Amino acid sequence: MALVVATVTNLLILSSMYIVVALGFAFLFNMLGIPNFAHGAIYMLGGYIGLALISAVGINQWVALILTAVVVGAFGLFLERFCFRPFVGDFNRIVMICVAVIVILQTGVNIIAGTQILSLPPFALGILKVGPASVSYERIVTFAIGAVLLGIIIWFVNRTKWGKQMQAISQDRLGASLQGINVHRVSALASFIGCALAAIAGCLIGAYLNLGPFMGDFMLVKVLILAILAGAGSISGIFIAGLILGTLDSALPVLISGAAGDAIAVGIVVVLMLIRPQGFFGHEVEM
Amino acid sequence: MSDNQLSTYIPSEPATARSRLIKPAILAGLVVIIALLPLLLGSPYLLHILILTLIYIIAAVSLRTITISGQFPLAHGAFMGIGAYLAGMASKHLGWSPWLTIPLAALVTMGIGMLIGYPFARLRALYYALGSLFFGIGVVYIIQAGGTWTGGYSGLTGIHPMFGGSKTAYYYFFLGLAIVSLLALYRFEFSRIGTNLKAIAQSHLVASSVGINEGWFRVLAVGVGCFFAGLAGAGYAHYNMVLSPASFNFMATLWLVMYVLIGGIDSFAGPIVGTIILILIPEFARGLKEYSPFLSAVLLLIVVYLMPKGLVSLPSLVRAWYSERRKGKKIAHVSGN
Amino acid sequence: MKKKSLLICSVGLVIILAALSVIGCPATQPAGEKTLRVGMILGITGFFTVREVPDMNQAQFAADIINEQGGISVNGDKYKVELVVVDTKSTMDGVTAAANKLVFDEKVKFIIGPTAFFAAAAGSICDPNEVLRFITWCVNTPGEVDASTPYAFLGGNGSVMTSVAAIKYLKATYPDVKKVSFFSPDDGSPAVMVPIDTKLLAAEGISLVGDPVLYPNETQEFSAFAAKLNAIEEADAVFMQNGLVPHIGATVKSLRELGNYKPYIGSLPARISQIETITGEEALKDVATIALTPGDPDMPPVAKEIIDRVVAKYGADYQLEMTAPNCLWIIKEGIEAAQSLDPTVVKEKLESMDEVETIWGPAKICGEQTFGIKHVVASPQSVQILKNGVETTAGWIDLGYIP
């Protein structure tokens with residue numbers, strides 16, 4: 001019984017972790033059609049910058065969280081302007097640039113801080129016990145932040161002018177610009193938000209677990225899975241996709257021992273993709 | 001394409017009897033050098049690097065062959081891995097000879113590729129890419145979950161080698177294999193089938209209106225590409241005698257893709273150039289120690305920003321730049337400076 | 001047009017290849033100075049640097065100490081040690097390339113490394129060329145140090161050694177523990193280690209209970225696995241074999257969150273102070289690992305000297321692998337015992353010895369049954385716990401002779 005309760009708790013929290021990280025990627029991919037493979041590396045960078053700000057300037061982790069989001073968001077602006085904007089639609093070149101960015105970020109961080117085990121200070125302390133369930137406040141906070149961010153982003157995409165412009169661009173880029181939407185400015189904003197979200201996720205998980213120069217590789221796979229299952233033009237889909245993957249990742253290790261669990265999870269994703277390649281909630285994109 | 005074609009016409013040198021001899025002479029010289037490389041180099045380590053280069057050339061060119069059908073597979077490393085592990089397991093557990101395992105592994109890999117390619121063929125470009133990416137990741141996980149059959153995460157050891165200890169024999173074997181594979185892929189691309197594939201890539205509507213069965217051709221392209229990927233992988237298994245799933249993971253696929261893109265995806269020679277450059281340059285960067293990955297990254301950036309068509313376009317870019325300068329001088333001369 | 005660019009490209013490439021052949025020739029040694037070049041196959045770039053780079057730096061200190069004492073003496077000559085490091089990029093391909101480079105280009109006769117399952121890739125190049133290698137860590141997967149690797153010695157440490165120490169500590173400190181659950185990464189070693197550990201535990205009257213809980217190597221989030229471990233209620237303690245600091249940190253944290261405070265014995269060299277950055281102090285009650293504590297009063301003298309230099313240059317939080325320096329020391333001892341620089345002679349001499357001096361003091365050369373070859377140097381191990389908020393050694397365990 002305790003195992004079932006623990007699995008359900010893990011499911012919720014894992015899902016929220018994946019959703020927070022994937023939101024940033026989904027912004028660029030689902031809304032603007034830019035597959036930012038460097039997202040994992042940016043998530044990692046966010047964690048390290050958060051820690052650097054805390055150690056260098058001496059602020060607490062909440063202030064660092066916001067500052068890091070801004071700093072990495074600015075990096076996202078730079079990326080969009082110089083790395084993505086010139087090559088929109090050219091999948092090949094974007095992939096090459098992303099690989100270059102990944103290599104530069106990972107090698108740089110590895111040289112500076114690779115040999116140490118580093119972690120951000122926890123965002124909350126203590127353990128909450130409710131009946132048979134037992135969860136740390138830290139994970140609850142991560143879940144809460146994830147839920148709040150998801151809510152804000154969904155509101156942003158559906159209710160604000162900017163969000164609607166992004167939806168228009170994701171449906172028909174040319175048509176949108178003909179309607180007078182400044183595609184470049186919207187892309188820049190999306191990139192800022194996307195990278196800021198990645199940075200926040202990096203700090204949260206860097207506090208709960210630990211930082212590593214290559215932690216982004218693992219997250220990138222999860223993020224891609226969520227983005228694909230959700231589909232183009234859809235942010236709400238990330239939520240469902242996150243739940244699916246969170247369920248797989250929390251239940252499969254319990255049921256199946258060892259490395260086979262990963263293989264089955266990816267197998268299920270492949271099957272889902274074959275059933276409905278354009279994702280469950282979005283629309284088809286010509287690329 | 002040169003931007004100056006409309007503005008200036010500079011006639012090329014007329015072909016004289018002497019210039020007609022130069023080309024074949026250079027080619028012949030090349031052939032001699034490549035054939036005698038083991039003796040010229042005298043370093044087994046460099047020979048090892050060259051052998052790896054030949055193996056990856058086969059894989060990279062076969063990857064490009066799939067792309068001419070408009071699909072962009074992100075699982076090629078995994079197919080190399082399938083070929084490698086099939087050959088390796090057959091050699092280790094069943095004791096089969098490499099001359100048997102290598103072709104068989106290539107054939108089975110082709111079969112798996114076509115089997116997977118069939119349902120994936122419906123997917124449009126980007127989705128095909130990502131779907132194959134997940135498939136590739138899944139393959140690596142399956143290998144890691146393989147227990148004592150595949151050796152799991154720590155890898156498969158004890159594969160039988162092909163030739164004693166001498167690298168020279170391996171070099172000639174892989175050189176022969178590469179030449180045969182490249183010829184086959186070249187003929188495939190410029191055959192009727194290849195032309196059909198390019199038609200499909202450009203427009204599925206037009207292609208099907210002419211009666212080309214899109215799905216079947218796409219699956220065929222994947223099959224051919226996977227055959228050679230499996231071949232390269234199986235050869236690698238018998239050369240290295242040790243396999244690790246990490247050699248065939250997403251990063252490995254991504255680097256194969258880099259070899260193709262850096263060289264130039266539009267040209268048959270592109271992947272060859274890209275593979276050679278991207279394998280040899282890091283070897284020289286060893287002196288940079290922990291900074292050596294930066295060199296590869298810088299190379300990628302240079303190609304992305306300055307050479308959109310890849311490194312193969314370098315000569316024509318240089319020529320275009322040169323003719324720009326000559327045109328500039330001519331105009332300056334004419335306007336009486 | 002296309003063919004011409006192809007031509008120019010190929011000519012350019014041939015020129016590059018020709019240049020290669022000139023540059024690729026190994027440098028000649030300066031005359032007069034007698035040096036012994038020892039190769040090192042380690043990952044300077046890639047994910048393994050967190051372990052390998054500190055190991056490399058620590059080996060350099062060992063080399064410095066040997067050179068300060070005059071070097072290695074063979075037949076009246078003194079040889080200074082020079083370490084030649086080749087990067088593996090943390091990949092198997094890189095290990096093969098590094099082995100090729102060291103054996104054929106640099107022409108070394110003694111090599112330190114690689115680590116764990118990477119070691120299998122170097123065997124096919126080193127063994128036929130009679131190059132003696134000293135593995136830094138052994139997880140007992142096929143091809144590391146066994147009957148198929150006549151020229152490989154285990155000079156560093158390994159899963160078997162940490163197990164022996166961990167189990168002895170468990171028995172001594174927690175005599176009421178009779179059943180343990182088994183936790184390990186699914187990297188190919190459980191197939192070998194579960195039977196070995198079961199036997200070692202049984203010798204102390206402890207049994208393995210429940211299915212071994214295995215996790216994929218790249219796992220970052222361990223709450224599901226902690227839940228699984230927690231569900232094995234009959235277990236009095238958790239026995240973890242292999243793994244890295246992030247793995248043990250995340251698992252201990254999750255277990256404590258679930259209310260499980262049973263003893264957690266880590267048969268792995270993870271420093272408690274580093275695990276603490278992930279779990280916090282409270283969670284580490286009743287957690288022990290087999291790791292080194294700088295400033296430990298019982299630290300053997302040579303190791304102490306090296307660690308003092310490490311702390312002086314890199315700080316007290318620096319990773320203490322200390323397996324490569326041990327390998328180098330054993331190379332020195334082996335050469336001096338055999339009074340020869342021929343790897344085959346050194347190998348045979350070491351095989352004939354029962355004991356060899358290491359940076360940890362005297363250690364037995366053993367392992368025919370467990371490993372398949374008497375090539376294992378079993379050095380004393382230090383158990384580490386958190387006491388009063390400070391990382392402390394809970395004692396040194398002499399492994400004796402491992403059959």
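Calculation criteria
Within every chain, residues take consecutive numbers counted from 1 along the sequence as written. Each chain takes a letter, starting from A, and each ligand takes a number, starting from 1, following the order in which they are written. Local features are withheld for residues below a pLDDT of 70 in this predicted model, meaning they are given only at 70 or higher, and side-chain atom pairs are given and counted only at 80 or more; totals for whole chains, interfaces and linings count all residues. Under the scheme used here, helices are H or I runs from DSSP no shorter than 4 residues and strands are E runs no shorter than 2 residues, and both carry numbers assigned from the N terminus. In this description the radius of gyration comes from C-alpha coordinates, and the expected globular size is given by 2.2 Å times residues to the power 0.38. Each residue is classified by how many other C-beta atoms fall within 10 Å of its C-beta atom, where C-beta atoms are placed from the backbone; a count of 20 or more means buried, 12 or fewer means exposed, and values in between mean partly exposed. Once C-beta atoms have been placed from the backbone, residue pairs whose C-beta atoms lie within 7 Å are recorded as contacts. Gly falls in the polar group here, along with every residue not listed as nonpolar (Ala, Val, Leu, Ile, Met, Phe, Trp, Tyr, Cys, Pro) or charged (Asp, Glu, Lys, Arg). Here, strands pair whenever DSSP counts at least two bridges between them. Domain start and stop points were drawn from an automatic or database domain assignment. By definition here, a helix of n residues has an expected span of 1.5 Å times n minus one. Note that the arc is computed from the directions linking the helix axis to the C-beta atoms. Between N-to-C directions, angles span 0 to 180 degrees; the directions come from axes that are lines fitted to C-alpha atoms, helices contributing only their stretch in contact. Each helix crossing is assigned a hand: it is left-handed if the near helix lies turned anticlockwise from the far helix by less than a right angle, otherwise right-handed if that turn is clockwise. Within a predicted model, pLDDT stands for the predictor's per-residue confidence, ranging from 0 to 100. A set of buried residues qualifies as a nonpolar core if it consists of Ala, Val, Leu, Ile, Met, Phe, Trp, Tyr and Cys joined through C-beta atoms within 7 Å. Orientation is classified from the angle alone, with under 35 degrees giving roughly parallel, over 145 giving roughly antiparallel, 65 to 115 giving roughly perpendicular, and any other angle giving oblique.

Scanning chain C for helices and strands turns up 13 helices and 17 strands. Computed over the C-alpha atoms, the radius of gyration of chain C is 23 Å, within 12% of the 22 Å expected from 2.2 N^0.38 for a compact globule of 403 residues. When its C-alpha atoms are laid out on the principal axes, chain C stretches across 70 × 65 × 40 Å. Burial statistics for chain C: of 403 residues in total, 58% are counted as buried. Counted over contacts in chain C with a minimum sequence separation of 6, partners at least 24 positions apart contribute 67%.

Our focus in this paragraph is the overall build of chain B. Looking only at helices and strands, chain B has 14 helices and zero strands in total. For chain B, the succession of helices and strands along the chain, N to C, is α-α-α-α-α-α-α-α-α-α-α-α-α-α. Restricting to contacts in chain B with at least 6 residues of sequence separation, those with at least 24 account for 77%.

Turning our eyes to something else, we now look at the interface of chain A and chain B. On the chain B side, the residues contacting the 32 residues of chain A number 33 residues. Listing elements by their share of the side of chain A that touches chain B, those giving two or more residues are helix H4 (91-113), helix H9 (215-230) and helix H11 (260-275) of chain A. Take the side of chain A that touches chain B: its biggest share by element is twelve residues, from H4 of chain A. Partitioned by chemical class, the residues of the side of chain A that touches chain B number 24 nonpolar, five polar and three charged.

With that out of the way, let us pick up the interface of chain B and chain C. Between chain B and chain C, the contact holds 41 residues from the first and 41 residues from the second. Elements with a minimum of two residues in the side of chain B that touches chain C: helix H1 (17-41), helix H2 (44-67), helix H6 (147-150), helix H12 (270-284), helix H13 (292-306) and helix H14 (314-334) of chain B. A per-element tally of the side of chain B that touches chain C places H1 of chain B first, with six residues. For the side of chain B that touches chain C, a count of residues per class yields 19 nonpolar, 18 polar and four charged.

Residues and elements named next belong to chain C. Both strand E1 (residues 35-42) and strand E3 (residues 77-87) contribute to a ladder of eight bridges, which runs parallel. Directly across from Thr35, in E3, lies its bridge partner Lys80. One ladder, built from three bridges, connects strand E2 (residues 72-74) with E3; its direction is antiparallel. Its bridge partner being in E3, Ile72 is matched across the sheet by Tyr79. Where E2 folds back onto E3 in an antiparallel hairpin, the turn is made up of two residues, including Asn75, whose phi is positive at roughly 50°.

Residues and elements named next belong to chain C. Split into domains, chain C comes out as domain 1 (35-158 + 299-379) and domain 2 (161-295 + 385-397). Contact with domain 1, which involves 14 residues of that partner, is made by 13 residues of domain 2. Breaking the side of domain 1 that touches domain 2 down by element, the ones donating at least two residues are strand E6 (152-158) and helix H10 (301-314). In the side of domain 1 that touches domain 2, the residues fall into eight nonpolar, five polar and one charged.

What follows concerns unusual backbone geometry. In most cases, non-glycine residues show a negative phi, while peptide bonds are predominantly trans. Residue and element names in this part refer to chain C. The residue after Gly113, namely Pro114, is reached through a cis peptide bond having omega -10°. Mapped onto the fold, Pro114 is located in the loop between strand E4 (110-112) and helix H4 (119-126). Its identity is not glycine, yet Asp286 carries a phi of approximately 65°, on the positive side. Positive phi, close to 55°, is recorded for Asn388, a residue that is not glycine. By the secondary structure assignment, Asn388 is in the loop between strand E16 (381-387) and strand E17 (390-397). The exposure class of Asn388 is exposed, given the 6 C-beta atoms found within 10 Å.

Turning to H13 of chain B, a few remarks are in order. When the terminal C-alpha atoms of H13 of chain B are compared, their 22 Å separation across 15 residues agrees well with the 21 Å that a helix rising 1.5 Å per residue should span. Looking at H13 of chain B, one finds that the buried residues are Ser292, Pro293, Ser296, Ala297, Leu300, Val303 and Val304 of chain B. Projected down its long axis, H13 of chain B shows its buried positions confined to an angular sector of 160°, all on one face. In this fold, the buried residues of H13 of chain B make contact with H4 of chain A together with helix H11 (250-263) and H12 of chain B.

Residue and element names in this part refer to chain B. Axis separation between helix H8 (residues 192-202) and helix H10 (residues 214-240) bottoms out at 10 Å; the angle between their running directions is 115°. Seen from above, H8 lies across H10 with left-handed handedness. Together, Ile193, Asn196, Leu197 and Ile200 of H8 and Glu214, Phe217, Arg218, Leu220 and Ala221 of H10 make up the contact between the two elements.

Take the environment of Lys253 of chain C next. All names here are of chain C. Secondary-structure assignment places Lys253 in helix H8 (residues 245-257). As for Lys253 and Ala283, which are separated by 30 residues in sequence, their C-alpha atoms are 6.4 Å apart. Setting aside residues up to four positions removed in sequence, Lys253 forms contacts with Ile278, Thr279 and Ala283.

Per-residue pLDDT for chain B averages 83, and the proportion of residues at 70 or more is 90%. Here helix H9 (residues 204-209) of chain B is the element of chain B with the lowest mean pLDDT, 68, and helix H3 (residues 76-94) of chain B is the one with the highest, 93.

All names here are of chain C. For chain C, mean pLDDT is 87; residues scoring 70 or higher make up 92% of the total. Overall, residues 24-31 carries pLDDT values under 50, and its contacts beyond four positions in sequence, including any with other chains, amount to seven contacts. With pTM at 0.86, the complex prediction returns an ipTM value of 0.85.

Right, let's get into the nonpolar core. Membership of the largest hydrophobic core comes to 351 residues, with the highest contact counts inside it found for Ala22, Val72 and Leu226 of chain A together with Leu328 of chain C. Split by domain, this core shows at least three residues from each of two domains, domain 1 (35-158 + 299-379) and domain 2 (161-295 + 385-397) of chain C. Excluding residues that lie within four positions of it along the chain, Leu226 of chain A makes contacts with Tyr18, Ala22, Ile238, Ala241, Gly242 and Leu245 of chain A.

All names here are of chain A. For the pair helix H5 (residues 137-159) and helix H6 (residues 161-171), interaxial distance at closest approach is 5 Å and the crossing angle is 75°. Between H5 and H6, the interaxial angle falls into the category roughly perpendicular. Here H5 contributes Phe156, Val157, Asn158 and Arg159 to the contact with H6, which in turn contributes Trp162, Gly163, Met166 and Gln167. A class-by-class count of the residues in the contact of H5 with H6 yields four nonpolar, three polar and one charged.

Let us now look at helix H3 (residues 92-105) of chain C. Along its 14 residues, H3 of chain C runs 19 Å from first to last C-alpha, staying within 8% of the 20 Å computed at 1.5 Å per residue. Burial analysis of H3 of chain C places twelve of its 14 residues in the buried class, which makes it a mostly covered element. Residues of H3 of chain C that are buried include every one of Met92, Gly94, Val95, Thr96, Ala97, Ala98, Ala99, Asn100, Lys101, Leu102, Val103 and Phe104 of chain C, and no others. Turning to H3 of chain C, the residues buried within the fold contact H2 and H10 of chain B together with E1, E3, E4 and H4 of chain C. Taken from the residues just after H3 of chain C, Lys107 of chain C is the one with a positive phi, measuring 50°.

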